[in-house]
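If you want the building blocks of each chain, they are given just below.
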Amino acid sequence: MGISVKNLTHIYNEGLPHESVALDNVSFEINDGEFIGIIGHTGSGKSTLLQHLNGLLKPKSGQIIVGDTDITDPSCKLLEIRRRIGLVFQYPEYQLFEETVAKDVAFGPKNLGLAQDEIDKRVEEAIGLVGLPFEEIREKSPFELSGGQKRRVAIAGVVAMKPEVLILDEPTAGLDPKAHKDVLEMAYNIHKHEKNITIFVSHNMADVARLCDRVFVMDKGKLILSGTPEEVFSEEERLTSIGLSLPPAAQLMHRLHEANHAIKAEVFDAENAAEEIFKFLGDKVC
């Protein structure tokens, strides 16, 4: 199963003085099992695109085909979209409401009309997948948990619905460094376990470079660049011109390369940057 987006256009306040084109003829393909990053400054169209992918907004024109289903077709039922595409908004913990963690995670599967045995199975599996101890927290109030744990419980509620596409909109926003790292590892583990399409939106270029198979760059409602992290982050001048930066490790390696061309510039994460620097220094020592 893949995703095909064809000539997607969305206009806010059409025909009014404050009319704005939020998506402008956007087209792309996502292959089954890919981990896709979407980057762009505020107002670039990222959030509008995500809401189309989940069926919350309908386009002015264009199509979104998930597998063999055109989710932009007026006859497509919203329940079918929700069953296949899970969207985790920023700060999803603000949407927690049940008296226990288990009940909160079970809310989505119940709405799918699943049998209780299947619901119970999915709840336990989802809580484990987000890295929380099921037996220890199942009967706790979600409001007794830490901020990072609340975030993971909220994500578990979407994961329990077993979507074929999981969309994570800034899943690490506002978290401390440890919780940030935990949520990134959780996202990677869920993707590997579920073998789904994961779409990851972030302002953290290092996270995108580390996790994603391909990266889409949005600017003023257009998809202006796409490719592997190596291909996208090699376009430093173009990214800078639209207010984006390279991952910190890539910035360092570009500056070192400018000083000495023997140092490889196309390195985008801290671990590989450290290896490249040690290799260079080792060669010099020898």
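Quick notes on the rules
Residues numbered from 1 in each chain as written. Predicted model: local features only at pLDDT ≥ 70, side-chain atom pairs only at ≥ 80, totals over all residues. Heavy atoms only, no water. Buried < 20%, exposed > 50% of the residue type's maximum accessible area, 1.4 Å probe, protein only. Helix = DSSP H or I, 4+ residues; strand = E, 2+ residues; numbered from the N terminus. Pairing = 2+ DSSP bridges. Axes fitted to C-alpha atoms, helices over the stretch in contact; angles between N-to-C directions. Contact = heavy atoms within 4.5 Å. Phe/Tyr/Trp six-rings, centres within 6.5 Å; stacked < 30°, edge-to-face > 60°. 1 Å grid on protein atoms, 1.4 Å probe; cavity = no way out; pocket = protein on both sides within 12 Å on 5 of 7 lines; lining within 4 Å. Points joined across faces, edges and corners; volume = space filled by probe spheres on them. Nonpolar A, V, L, I, M, F, W, Y, C, P; charged D, E, K, R; others polar. Core = buried A, V, L, I, M, F, W, Y, C linked by side-chain atoms within 4.5 Å.

Asks: So, the pairing of strand β6 (residues 85-88): which residues are in play, and what are the values?
Replies: Neither face of β6 is open: one carries I85 and L87, the other G86 and V88, and all of them are buried. Summarising the sheet, β6 and strand β7 (residues 165-169) pair through four bridges and their orientation is parallel. For G86, the partnering residue across the bridge sits in β7 and is L166.

Asks: Could you give an account of the sheet that holds β7, naming the residues involved and the relevant values?
Replies: Across the sheet, six strands lie side by side as β6-β7-β8-β3-β9-β10; this open sheet has mixed pairing. Each end of this open sheet is capped by a strand with a single partner; those strands are β6 and β10 (222-227). The sheet shows a mean angle of 20° between the axes of neighbouring strands, taken without regard to direction. Strands in contact with helix α7 (residues 177-194) are β3 (35-39), β7 and β8 (197-201); relative to β3, the strand with the most contacts, it is inclined by about 140°.

Asks: Please give an account of the sheet that holds strand β2 (residues 20-30) that cites residues and values.
Replies: Sheet architecture is open: four strands sit in the order β2-β1-β4-β5, paired in antiparallel fashion. Each edge of the open sheet is held by one strand with a lone partner, namely β2 and β5 (69-70). Here strand β4 (residues 61-66) pairs with β5 via two bridges, running antiparallel. Its bridge partner lying in β5, V66 is registered against T69.

Asks: Describe the packing of aromatic side chains, naming the residues involved and giving the relevant values.
Replies: Under the counting rule described, the total for this entry stands at four aromatic pairs. Ring centres of F28 and F216 lie 4.9 Å apart, and the angle between their planes is 45°; on these two criteria the pair is classed as tilted. Of this pair, F28 sits in strand β2 while F216 sits in strand β9 (residues 214-219), and the two are 188 residues apart along the sequence. Taking the relative accessible area as the measure of exposure, F216 reaches 2% and is therefore buried.

Asks: Help me get a handle on empty space enclosed by the protein, residues and values and all.
Replies: Inspection of every chain in the model, using the stated rule, returns one cavity of 30 Å³ or more. If you add up the space inside the largest cavity, you get close to 30 Å³. Looking at which element gives the most residues to the lining of the largest cavity, the answer is helix α4 (residues 116-129), with four residues. Partitioning the lining of the largest cavity into residue classes produces four nonpolar, no polar and four charged.

Asks: Tell me about the nonpolar core, residues and numbers included.
Replies: Core analysis: the largest hydrophobic core is formed by 51 residues, its most contacted members being V105, V217 and F233. In this structure, L49, L50, I197 and M218 belong to the second largest nonpolar core, which totals 26 residues.

Asks: Account for the layout of surface pockets, naming residues and giving values.
Replies: Volume-wise, the largest pocket comes out at about 540 Å³. Residue lining of the largest pocket: 22 residues in total, with L87, Q95, G157, V158 and M161 positioned closest to the centre. For the lining of the largest pocket, the elements supplying multiple residues, two or more each, are β6, α3 (101-111) and α6 (147-159). Looking at the second largest pocket, its volume works out to about 200 Å³. Around the second largest pocket, the lining is made up of 14 residues, and of these A102, Q116, D120, V123 and R138 lie nearest the centre. Those elements that provide at least two residues to the lining of the second largest pocket are α3 and α4. Tallying contributions element by element places α4 first for the lining of the second largest pocket, with six residues. A class-by-class count of the residues in the lining of the second largest pocket yields five nonpolar, two polar and seven charged.

Asks: I'd like to hear about unusual backbone geometry, residue by residue, with values.
Replies: In the Ramachandran plot, N25 falls in the positive-phi region, its phi being about 60° despite a non-glycine side chain. Residue position: N25 is located in strand β2. Unusually for a residue other than glycine, Y91 sits at a positive phi of about 50°. Take Y91: it is sitting in the loop between β6 and α3. Exposure remark for Y91: the relative accessible area of 30% places this residue in the partly exposed category.

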